[in-house]
Structures are given as structure tokens and as C-alpha cells.
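Listed here are the chains, written in short residue letters.
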Amino acid sequence: MSAQEVVALTAPAALAQVRLLVVGDVMLDRYWFGDVSRISPEAPVPIVRIEKREERLGGAANVARNAAALGTKTSLLGVVGDDEAGSQVERLLEGGGIHSYLQRDAAISTIIKLRVIGRQQQMLRIDFEDAPSDTVLRDKLAQFNALLPHYDVVVMSDYAKGSLVNVAEMIKAAKAAGKIVMVDPKGDDFSRYTGASVLTPNKSELRRVIGNWNTEEQLTERAQQMRAQLGLEALLLTRSEEGMSLYTADEVLHMPTDAREVFDVSGAGDTVIATMAAMLGAGMSLGDAVRTANRAGGIVVGKLGTATVTREELFPQ
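Every chain's residues receive numbers from 1 upward, in the order its sequence appears when written. Reporting in this predicted model follows two pLDDT cut-offs: at least 70 for local features of residues, and 80 or more for side-chain atom pairs to be given and counted; totals over whole chains, interfaces and linings ignore these cut-offs and use all residues. No hydrogens and no water enter the side-chain calculation; it runs on all heavy atoms of the structure.

**Q** Explain the environment of Leu236 here, please?
**A** Helical segments are the DSSP runs of H or I of at least four residues, strand segments are the runs of E of at least two, and each set is numbered from the N terminus. In this structure, Leu236 sits in strand β11 (residues 234-238). Exposure remark for Leu236: the relative accessible area of 0% places this residue in the buried category. When the C-alpha positions of Leu236 and Val290 are compared, they lie 8.2 Å apart, and in sequence the two are 54 residues distant. Setting aside residues no more than four positions away along its own chain, Leu236 makes contact with Val198, Leu199, Thr200, Pro201, Met244, Ser245, Leu246, Val272, Met276 and Val290. In this scheme, a residue with accessible area under 20% of its type's maximum is buried, one over 50% is exposed, and one in between is partly exposed, where area comes from a 1.4 Å probe on protein chains only. The contact rule is simple, with two residues in contact once any of their heavy atoms fall within 4.5 Å.

**Q** Before we go on, may I ask you to explain a nonpolar patch on the surface in this structure?
**A** Taken together, the side chains of Met123, Leu124, Ile126 and Phe128 present a nonpolar region at the surface, about 330 Å² in accessible area. As for its position among the elements, Phe128 is in strand β7 (residues 121-128). Judged by its relative accessible area of 42%, Phe128 falls in the partly exposed class. Residues with no salt bridge and a relative accessible area higher than 30% make up the patches, which join like charges within 9 Å and nonpolar side chains (Val, Leu, Ile, Met, Phe, Trp, Tyr) within 5 Å. Here the Shrake-Rupley method, with its probe set to 1.4 Å, supplies the accessible areas, and only the displayed protein chains count as covering residues. A side-chain nitrogen of Lys or Arg and a carboxyl oxygen of Asp or Glu constitute a salt bridge if their distance falls within 4 Å.

**Q** How should I be thinking about empty space enclosed by the protein in this particular structure?
**A** The distinction between a cavity and a pocket rests on a 1 Å grid over the protein atoms alone: a 1.4 Å probe fits inside a cavity but cannot get out, while a pocket stays open yet meets protein on both sides within 12 Å along at least five of seven lines, and a residue with an atom within 4 Å of a point counts as lining. Grid points are joined across faces, edges and corners, and a volume is the space filled by probe spheres set on the points. Throughout the structure, instances matching the rule amount to one cavity of 30 Å³ or more. Considering only enclosed or pocket space, the largest cavity measures out at about 40 Å³ in volume. In terms of lining, the largest cavity is formed by Val26, Val79, Ile108, Ser109, Thr110, Ile111, Asp130, Pro132 and Ser163.

**Q** In this structure, what is going on with the environment of Asn145? I would like to understand it.
**A** With respect to the helices and strands, the residue Asn145 is situated in helix α5 (residues 134-147). Looking at Asn145, the relative accessible area reads 39%, which means it is partly exposed. In this structure the C-alpha to C-alpha distance between Asn145 and Ala173, which are 28 residues apart in sequence, comes to 7.3 Å.

**Q** So what exactly am I meant to see when it comes to the sheet that holds strand β4 (residues 73-81) here?
**A** Consider a sheet: its strands pair through backbone hydrogen bonds, and that pairing is either parallel or antiparallel. Overall, mixed pairing links the nine strands, which are arranged β5-β4-β1-β8-β9-β10-β11-β12-β13 in an open sheet. Each of the sheet's edge strands pairs with one partner strand only, and the pair in question is β5 (99-105) and β13 (252-255). Of the strand pairs in this sheet, strand β9 (residues 180-184) and strand β10 (residues 198-199) are connected by two bridges, and their pairing is parallel. If you follow Met182 over to β10, its bridge partner there is Val198. Think of each axis as a best-fit line through the C-alpha atoms, taken over the contacting stretch in the case of a helix, with angles from 0 to 180 degrees between the N-to-C directions. Running at roughly 50° to strand β12 (residues 244-248), helix α8 (residues 216-230) makes contact with β10, β11, β12 and β13 of the sheet. Whether two strands pair comes down to DSSP finding at least two bridges between them.

These values are about where atoms sit, not about what they do.
Following this line, the structure appears as C-alpha cells:
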């Protein structure tokens, strides 16, 4: 595929036809920015005087935000609390052009990650989280099955917060319906992701499952073995400064990092899987979709916090 064909394929009309459903752990990312000028007299810690506050979509919601930024028709299925933070997530989704299928669970609080930033560096992160109740999760599975016929690509964003306990049933249903199913995994048991189209672990996540590797050959052997055992079409390993590696039945494709400047890696995995899902939905080949996702990841790590990449940034005219 030529560069001209890639640009044509990712024109607004092509991506606008992609119907993408994101399912997983929904979070609200809060950023408190301030000035650090002295040390506390109470303990040897810096005092940050807060001057600005920002709120952004996090977790599965950030995946949806990234997909929507590329122009796809994006919807989000997840669980939030019946609280102020849940209402803020809904407002941010609406502002980002994302269709919300969020379930409100009165028994929990919305997951919040609060980051305190001083002098452009993260100084502290505070997490607030609860697992969804069983009743809400049953309702979510039923809603997923009802929504499935209306989407081309399904992205499972697993942050191990409890929203994807039914992921095995969801993958089975989506594959039976002929959908592209992409999973950003968590935990030390990937068997629940059996049958997915593409799995996108990072190095630490893969290491927990296949163990340490001493050589590239050993990594390839173990990665391919796991890919075959799980019945995956592809395994995409994101490797930070080492770039990415794509493992399929036909080839192993290594791509060096495309990052010019690394400022903040938080949310980079969300950008990668969202971009790859959008490109596959638009009909791009697996290899070209990975190359595009690698470029998107390289752009987003140059931005502060959970950020997005636009189509114009990916394919400048």
C-alpha cells in the first residue's frame, strides 16, 4: 500500500464509517497543577500550591476518546458510580462526541485517578476505586449482546478494576458475530481472552504470563506459543523505548519507537489500541495498522497526561 493510498484510506469519509464499541473499566483522570516553592515544616515533602485543575477521560473512556478523535463513530459501555464524578464522565463523553452506554451503580464510587503536578512533573497520584456490583455487571453483559450487531470493531480495555469479569463471554459472542475484537489485557491469566483477534500487552504484562526471556528468539518462541494457544490472529507487544513487535502465524514484525520526545507515557497504550482498531475497521492491513498505531503512540507520549492524536497529526498533508 502506497503512502497516497494510506492517506486516502484514512480520509474522514473512511474513518467516519467505522463503528467502534469500547468496553471496560471507565475512569476519571483529575490533574491538579501547581507551583512548588518550599518544603513542608510538617514532613520532608514539597508543598504544591494548586493553581489549575483539569479533568480528562481515563481507562476505557480514554480509549474511546482516542478513537473518536480519529473520526470514528465511537460508543462506550462501562460502569460508573451514581455520583458527581460519574456525571462529569458523562459530560466529557458528550463533549468528545462519544455515545455513552454507561451504567450507574449506586453501590460504588466512580474510579478516579488524581494526579498532582508540580513544575511539569507528577509528584503524587491518589486512586479511588470500587468494583461494580454483580447486578450491574449482569445488566452490562445483556446490554453488550444487544449492542453487538450495530458495531464493526470491539475494543476491550481491561484495567483489572472489575468491569470485565464477563470478558470471555463477550469475546465469544463478538467473534461469533464476525467482529474484530481487540483486547488490552491485565493480570497473569490471559486464557480468558481466548479467541480475540488481537491482544496488546506491554512488556511487564506479557512477562507476568510467559516469564522472563533472555533472548529475542526466546521471546518470539514464547509469544508465538501463547498466541497459538489462545487462538489469536495476532499478538502486539508494546515495548516502550524498544518500539513494538507484532506476532502472527505468518510473520514477526519489529518496529522501532516513533517517539521524538518522551514527556508522559500515561495513556499511550490506550492511544495505540484505539488507533489500531480504527485503522483495521477502515480496512487497513494488519501491518499498516500497527505502523500507524506506532506513529500515534510516538506522538502522544510527547504530550502531558492522557492525551489524544488527531488524524491530521497522523497524516499531515
